[in-house]
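What follows is each chain in one-letter form.
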Amino acid sequence: MNNASEYNLDAMVNETAVEIFEEYCLDRDSAMERIHEEADGNEWVIYHYKSHELCANCNTDMGEQAIEDMGGLPEGSTYNSIASLIAYWEIECRLQEAVNTLFDIAEENEEAA
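Here goes a summary of the coordinates provided. (Residues numbered from 1 in each chain as written. Predicted model: local features only at pLDDT ≥ 70, side-chain atom pairs only at ≥ 80, totals over all residues. Heavy atoms only, no water.)

**Structural notes on the overall build of the protein**
Rules: Here a strand is any run of E in DSSP of at least two residues, a helix any run of H or I of at least four, and the numbering for each starts at the N terminus. Whether a residue is buried, partly exposed or exposed follows from its accessible area with a 1.4 Å probe, protein chains only, as a fraction of its type maximum: under 20%, in between, or over 50%, in that order. We call two residues contacting when some pair of their heavy atoms lies within 4.5 Å.
Along the protein, the regular secondary structure elements total 6 helices and 0 strands. For the protein, the sequential pattern of α-helices and β-strands runs α-α-α-α-α-α. Projecting the C-alpha coordinates of the protein onto the three principal axes gives extents of approximately 50 × 30 × 20 Å. Burial analysis of the protein (113 residues in total) assigns 36% to the buried set. Considering only intrachain contacts with a sequence separation of at least 6, the fraction spanning at least 24 residues in the protein is 76%.

**Some remarks on a negative patch on the surface**
Spelled out, the test is: Surface patches are drawn from residues lacking salt bridges whose relative accessible area is over 30%; two like charges belong together within 9 Å, two nonpolar side chains (Val, Leu, Ile, Met, Phe, Trp, Tyr) within 5 Å. For the area figures, the Shrake-Rupley method with a 1.4 Å probe applies, and any residue is considered shielded solely by the protein chains shown. Salt bridge, as used here: a side-chain nitrogen of Lys or Arg that lies within 4 Å of a carboxyl oxygen of Asp or Glu. His is not counted, nor are the chain ends; Lys and Arg add positive charge and Asp and Glu add negative charge. To locate a charge, the coordinates of NZ of Lys, CZ of Arg, CG of Asp or CD of Glu are taken.
A contiguous patch of negative charge on the surface is contributed by Asp27, Asp29, Glu33, Glu37 and Asp40. Assignment of secondary structure puts Asp40 in helix α2 (residues 28-40).

**Focus on the state of the cysteines**
Formally: What counts as a disulfide here is a pair of cysteine sulfur atoms lying within 2.5 Å.
The full count for this structure, using the stated rule, is 0 disulfides. Between Cys58, a free cysteine, and Cys55, which holds the nearest cysteine sulfur, the sulfur-to-sulfur gap is 8.5 Å. For the unlinked cysteine Cys93, the closest cysteine sulfur is that of Cys55, found at 13 Å.

**Here we look at the nonpolar core**
Operational definition: We call a set of buried Ala, Val, Leu, Ile, Met, Phe, Trp, Tyr and Cys residues a nonpolar core when their side-chain atoms join them within 4.5 Å.
The biggest cluster of nonpolar side chains holds 26 residues, and the ones touching the most others in it are Leu9, Trp44, Leu54, Ile91 and Val99. Of all the secondary structure elements, the ones that give two or more residues to this core are α1 (6-23), α2, α3 (43-46), α5 (61-69) and α6 (79-112). Looking at this core, the element that brings in the most residues is α6, giving 10 residues. Apart from the residues lying within four places of it in its own chain, the contact partners of Val99 are Ala17, Ile20, Ala31, Met32 and Ile35.

**Overview of a nonpolar patch on the surface**
Nonpolar side chains collect at one region of the surface, where Ile46, Tyr47 and Tyr49 lie side by side and expose about 360 Å² of accessible area between them. Tracing the backbone shows Tyr49 in helix α4 (residues 48-57). Accessibility expressed as a relative area gives 58% for Tyr49, which makes it exposed.

**A closer look at the packing of aromatic side chains**
Formally: Any two of the Phe, Tyr and Trp rings considered here, Trp counted by its six-membered ring, make a pair once their centres fall within 6.5 Å; the pair's planes then place it as stacked at under 30 degrees, edge-to-face at over 60, or tilted in between.
In this structure the tally under the stated criterion is 3 aromatic pairs. Geometrically, the ring pair formed by Phe21 and Phe103 is edge-to-face, given 5.1 Å between the ring centres and 80° between the ring planes. On the criterion of sequence distance, the pair formed by Phe21 in helix α1 and Phe103 in helix α6 is long-range, its members being 82 residues apart. For the pair Phe21 and Phe103, one class covers both residues: buried. On the numbers, 6.5 Å between centres and 40° between planes, the contact of Tyr47 with Tyr49 is tilted.

**Section: the packing of α1 against α2**
Put simply, the test is: Axis definition: a line fit to C-alpha positions, over the contact stretch in the case of helices; interaxial angles, taken between N-to-C directions, run 0 to 180 degrees. Throughout, a crossing is termed right-handed when the near helix is turned clockwise from the far one, and left-handed when it is turned anticlockwise from it by less than a right angle. Think of it as three bins: nonpolar holds Ala, Val, Leu, Ile, Met, Phe, Trp, Tyr, Cys and Pro, charged holds Asp, Glu, Lys and Arg, and polar takes everything else, Gly as well.
Axis separation between α1 and α2 bottoms out at 10 Å; the angle between their running directions is 145°. Remark: the crossing between α1 and α2 carries right-handed chirality. Across the interface between the two elements, Thr16, Ile20 and Glu23 of α1 pack against Ala31, Arg34, Ile35 and Glu38 of α2. Split into classes, the residues belonging to the contact of α1 with α2 amount to 3 nonpolar, 1 polar and 3 charged.

Bear in mind that shape data such as this cannot, by itself, settle questions of function.
As structure tokens, then:
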């Protein structure tokens with residue numbers, strides 16, 4: 001995977017969203033489960049230095065908001081775990097948004113047909 005940048009993050013999210021949609025085009029719930037797996041296993045999440053790179057080079061507003069919405073950081077969080085958590089939720093939120101958009105477009109096209 002490339003270095004973390006807004007461009008590379010968007011490209012990864014878009015590519016992964018299309019893959020998930022193509023695999024689960026009839027089952028939004030299963031697609032959402034797959035999003036979790038993709039975000040959880042992403043190298044920008046599992047390798048701390050990559051998490052820090054993502055946090056430093058990309059907009060992480062969605063990831064930070066998701067953490068805040070869940071009540072904030074877990075007790076005992078470390079510098080590394082915070083970066084990984086922000087990276088996870090940023091990727092998860094972006095994937096959810098992208099996959100939901102694909103499902104919405106497909107549903108609109110189906111209704112129009």
